[in-house]
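Residues per chain are reported as follows:
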Amino acid sequence: MSQPEIVNPVSVDDADPWVRTFMTTMLGDPHQDEFPKRLDRWVRSWDPDRTWGVRDRGRWVGTLATEERTLTVPGTGTTTNDIPADAVTAVTVAATHRRRGLLTRMLSDSLQAAKDRGDAVSVLLAAEWPIYGRYGYAPATITANYRYHLRRPGAKIAPGDPSRVRQAEPDELGEIAPAVFDAARRLRAGQVDRRSPWWDRRLALDGYEMVSDARLNWFVHDGPDGADGLLSWKVSRDFELNGLLGAVEVSDLIAANDEAYQDFWAYLGGIDVIDEIELHDRPVDEPIRWLLGDGRALQQTEAVDFLWVRLLDVPAALSARGYAIEGRVVLDVVDLDTGSYGAGRVALTAGAHGTKCEPTDEPADLQISQRALASIYLGGHRLRQRDIMRDVTELTPGARDRVDVMFATSLAPWTQTGF
Ligand SMILES: CC(C)(COP(=O)(O)OP(=O)(O)OC[C@H]1O[C@@H](n2cnc3c(N)ncnc32)[C@H](O)[C@@H]1OP(=O)(O)O)[C@@H](O)C(=O)NCCC(=O)NCCS
C-alpha cells in the first residue's frame, strides 16, 4: 500500500490541484467553465499555514483548511459577545483513500494548531453527523428552511412598511453591507462574521467575478439613521398566463432591528405574481410567525443541526459568554476525544458584575462531557436531552436544571453564514 504524506503548510502554487480534489470529493464540478473564478477566490485568500493536504504519488487526495472567524456567544440580557474561533472548512479525503485515518491525522494537527494559537473554540459545518464527534465537536445551532404561502387566507403580515425597502446595486451594497451585517449578526448567538473579502466575493467587487449561484436581486432597508437591513432573492419559478403563480427564493434576510425585519416581510408578502417564497438557512424560531394571522402560512419545511462546536479552552470559553441568571456551579468536564482539550474541573460564577470561570479542586456539582457542554454553549440545547445519553451526571441535586437555565438564551442561536 502507498504511504500518503500529510502536508502543512500547503503552498498557493498547489491551489489548483488541491481545489480540484476538494471539489471532486464534495460533489462539485471542477470541469465547469466557472472553475477559474472559484479558484481565484481560494487563491486570493490562501493561507499556507492554515491549509493541510494529503499527497500520494504526486496527487492530492485529502484537503482541510481553517480560517479565523468571529463567533457571537450569548452576552448579558439580549446582547452577544464576540470571540475568535477556529473555523474548519474544505474537509475531504478522496474515496480512493478513505478510512485510513487521514482525516484524523489532518484534523488532529489543525486542532493542536488552534489550541497553540489560543483559540477557545473550534467550529465547523458537518456534511454528515457521524464524522466529527470523535474529535470533540457537538451540534450547537439548528438551521431551518421555510415556505411562506403568501396567498393563503391569514398570510397577511400585520405591521410593516414596504416603502422603506428599495432595490440597490452592488457598488452601493459593497459600501454598506459589511456594517449592516455586522450589526445584525450581534442579535443572536452562533453567528459567524462575514469579514472582508466575503462581500466583495458575493457582490463581484474588487476584481472578483460573479458566480452563477450569486446572481441575486438585492434590496436595502432605510431606517431613521441609514441602511439597517439587506435582502436578496432570485426567481425559483416563473409565473404562467394560465394562472399558475411563480415563486422566489430568499438568500439573505439581514435585519439589524425589528423594524427592518417587519418591513422586509411586509415587502415580501406584497410581491405580485408569486404564491410561494422559499427561505433557507433561517433561525429555527423565525419570529414572523407571530405577526401572521395564520402562523401556518409559514411552513417550516426542514430543521437540521448546523454549527458544530468544540471547546478547546473551557475556562476561556465559559468566561467569554454571559448567563441568563446569576449562579455558581462546579463542572467536572470529561473529554475523551482527540486532544482531551476540555478535560478538567472548573468553577463557573455568573454574577452581577460579570462572569468568571477558573480551574478548581472543589467538589463538582455536575460531571459533564465536553461534547454535552459544547452543545449547550450557545444556548441552543438543554442538558436534560444529554442526560438521556448519560453525558451528564448530577452530583448536587438541581445542578443540571440550574445550568440549563443559566445557559439559556432568549432567541435560539443561529448561524446565517456558511464557511
Ligand atoms: C468524511 C471524510 C473526510 C472522512 O475521511 P477519512 O480519512 O475516511 O476518515 P478517517 O479514516 O480518519 O476516519 C476516522 C474514523 O471516523 C469514521 N468516519 C469517518 N467518516 C465517517 C462517516 N462519513 N460516517 C461514519 N463514520 C465515519 C471512520 O470510520 C473512522 O472510524 P474508526 O476509527 O472507528 O475506524 C471522507 O470520507 C470524505 O471526504 N467524505 C466526503 C466529503 C465529506 O463528507 N467531507 C466532510 C465535509 S464537512
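Conventions used here
Residues numbered from 1 in each chain as written. Predicted model: local features only at pLDDT ≥ 70, side-chain atom pairs only at ≥ 80, totals over all residues. Heavy atoms only, no water. Core = buried A, V, L, I, M, F, W, Y, C linked by side-chain atoms within 4.5 Å. Buried < 20%, exposed > 50% of the residue type's maximum accessible area, 1.4 Å probe, protein only. Domains from an automatic or database assignment. Contact = heavy atoms within 4.5 Å. Helix = DSSP H or I, 4+ residues; strand = E, 2+ residues; numbered from the N terminus. Expected span 1.5 Å × (residues − 1). Arc of directions from axis to C-beta. Axes fitted to C-alpha atoms, helices over the stretch in contact; angles between N-to-C directions. Parallel < 35°, antiparallel > 145°, perpendicular 65-115°, else oblique. Left-handed = near helix turned anticlockwise from the far one by under 90°. Nonpolar A, V, L, I, M, F, W, Y, C, P; charged D, E, K, R; others polar. Near = heavy atom within 4 Å. Polar contact = N/O pair within 3.5 Å; in protein donor to acceptor, adjacent residues only side chain to side chain. Areas by Shrake-Rupley, 256 points an atom, 1.4 Å probe, with all protein chains shown as cover.

K.L.:
Explain the nonpolar core here, please?
P.N.:
A general feature of soluble globular proteins is that nonpolar side chains tend to end up buried together. The biggest cluster of nonpolar side chains holds 41 residues, and the ones touching the most others in it are Leu 71, Leu 318, Leu 331, Leu 373 and Tyr 377. If you count residues domain by domain, this core takes at least three from each of domain 1 (5-119) and domain 3 (314-407). In contact with Leu 318, not counting residues within four places along its chain, are Tyr 323, Leu 331, Leu 348, Thr 355, Cys 357, Leu 373, Tyr 377 and Phe 407. Ranked by size, the runner-up nonpolar core spans 28 residues in total, among them Ala 144, Ile 157, Phe 264 and Trp 265.

K.L.:
Explain helix 3 (residues 102-117) to me, please; I cannot follow it from the model alone.
P.N.:
Along an α-helix, residues three or four positions apart point the same way, because every turn accommodates 3.6 residues. Compared with an ideal rise of 1.5 Å per residue, which puts 16 residues at 22 Å, helix 3 spans 23 Å between its outermost C-alpha atoms and is within 8% of the ideal. Along helix 3, the residues that are buried comprise Leu 102, Leu 103, Met 106, Leu 107, Ser 110, Leu 111 and Ala 114. When helix 3 is viewed along its axis, its buried side chains cluster within an angular range of 150° and face the same direction. In the core, the buried residues of helix 3 are packed alongside strand 1 (5-7), strand 2 (51-56), strand 3 (59-74), strand 4 (80-93), strand 5 (121-125) and strand 14 (307-311). One or two residues past the end of helix 3 sits Gly 118, with phi positive at roughly 95°.

K.L.:
Any chance you could explain the packing of helix 1 (residues 15-25) against helix 2 (residues 35-44) here in plain terms?
P.N.:
Across the interface, helix 1 lies against helix 2 with an axial gap of 10 Å and an inter-helix angle of 110°. Our classification of the angle between helix 1 and helix 2 gives roughly perpendicular. Handedness of the crossing formed by helix 1 with helix 2: right-handed. Contacts between helix 1 and helix 2 pair Ala 15, Asp 16, Trp 18, Val 19, Arg 20, Phe 22 and Met 23 from the former with Phe 35, Arg 38, Leu 39, Trp 42 and Val 43 from the latter. Here the contact of helix 1 with helix 2 is built from residues that sort into nine nonpolar, no polar and three charged.

K.L.:
Where do I start with the site of the ligand in this structure?
P.N.:
Val 91, Val 93, Arg 99, Gly 101 and Thr 104 are the nearest of the 20 residues found near the ligand. The backbone of Arg 99 places a nitrogen or oxygen atom 2.6 Å from an oxygen atom of the ligand. Taking Thr 104, its side chain carries an N or O atom lying 2.7 Å from an oxygen atom of the ligand. Protein contacts shield 73% of the accessible area of the ligand, which totals 890 Å² for the unbound molecule. Breaking the shell around the ligand down by element, the ones donating at least two residues are strand 4 and helix 3.

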